[in-house]
Amino acid sequence: MNDDEKGKRFLELIDEQNNVQWSIVAKLSSLISSNWDSIDVQKELEELVEKHTSITKELNSLDENSSIL
């Protein structure tokens, strides 16, 4: 992958990561409102955190030479 492709993918991942972060905040708010009793929201939150972790790993792999960050 050349630098232009890496840069484009980097921006796509940052946008996706931002959206996931907002979803995590929304799910946390929902979970707090339910007094932490919603198993469904807990599961959704767990999946969002896993997705965020995956995006972060891909972002880090794009920057193997510290050229983007």
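The model shown is predicted, which means the values in this text are computed figures rather than measured ones. (Residues numbered from 1 in each chain as written. Predicted model: local features only at pLDDT ≥ 70, side-chain atom pairs only at ≥ 80, totals over all residues. Heavy atoms only, no water.)

K.L.:
Looking at this model, I keep getting lost on the nonpolar core. Mind explaining?
P.N.:
Most often, soluble globular proteins have nonpolar side chains that are buried together. By size, the foremost hydrophobic cluster in this structure holds 11 residues: Phe10, Leu13, Val20, Ile24, Leu31, Val41, Leu45, Leu48, Ile55, Leu59 and Leu62. Among the elements of the structure, α1 (3-33) and α2 (39-62) are those that each provide at least two residues to this core. The element best represented in this core is α2, accounting for 6 residues. When near neighbours in sequence (up to four residues on either side) are disregarded, Leu48 contacts Val20, Ser23, Ile24 and Lys27. (Core = buried A, V, L, I, M, F, W, Y, C linked by side-chain atoms within 4.5 Å. Buried < 20%, exposed > 50% of the residue type's maximum accessible area, 1.4 Å probe, protein only. Helix = DSSP H or I, 4+ residues; strand = E, 2+ residues; numbered from the N terminus. Contact = heavy atoms within 4.5 Å.)

K.L.:
Looking at this model, I keep getting lost on the environment of Ser23. Mind explaining?
P.N.:
Tracing the chain through its elements places Ser23 in helix α1. C-alpha separation for the pair Ser23 and Val41, spaced 18 residues apart in sequence, amounts to 11 Å.

K.L.:
Would you take a moment to explain the packing of α1 against α2 for this structure?
P.N.:
Following both chains from N to C, one finds α1 and α2 inclined at 160 degrees, their axes separated by 9 Å at the closest point. Relative to α2, α1 is oriented roughly antiparallel. Along this stretch, α1 crosses α2, giving a crossing that reads as left-handed. (Axes fitted to C-alpha atoms, helices over the stretch in contact; angles between N-to-C directions. Parallel < 35°, antiparallel > 145°, perpendicular 65-115°, else oblique. Left-handed = near helix turned anticlockwise from the far one by under 90°.)

K.L.:
Whenever I open this one, the environment of Leu31 confuses me. Can you help?
P.N.:
Counting through the fold element by element, Leu31 comes out in helix α1. Taking relative accessible area as the criterion, Leu31 reaches 3% and is therefore assigned buried. Between the alpha carbons of Leu31 and Asp63 there is a distance of 35 Å; along the sequence they are 32 residues apart. In contact with Leu31, other than residues within four places in its own chain, are Trp36, Ser38, Val41, Gln42 and Leu45.

K.L.:
So what exactly am I meant to see when it comes to the pattern of salt bridges here?
P.N.:
Side-chain pairs of opposite charge can arise whenever the charged atoms involved come near each other. For the coordinates displayed, the defined rule picks out 4 salt bridges. A salt bridge links Arg9 to Glu12; its shortest N-O distance comes to 3.3 Å. Taken together, the positions of Arg9 and Glu12, both in helix α1 and 3 residues apart, correspond to about one turn of that helix. A salt bridge links Glu16 to Lys51; the nearest nitrogen and oxygen atoms lie 3.7 Å apart. Highlighted residues: Glu16 in helix α1 and Lys51 in helix α2, separated in sequence by 35 residues. The class of Glu16 is partly exposed, set by a relative accessible area of 27%. A network of salt bridges, in which partner residues are shared, links Arg9, Glu12 and Glu58. (Salt bridge = Lys/Arg side-chain N within 4 Å of Asp/Glu carboxyl O.)

The quantities given are spatial measurements derived from coordinates; they are silent on function.
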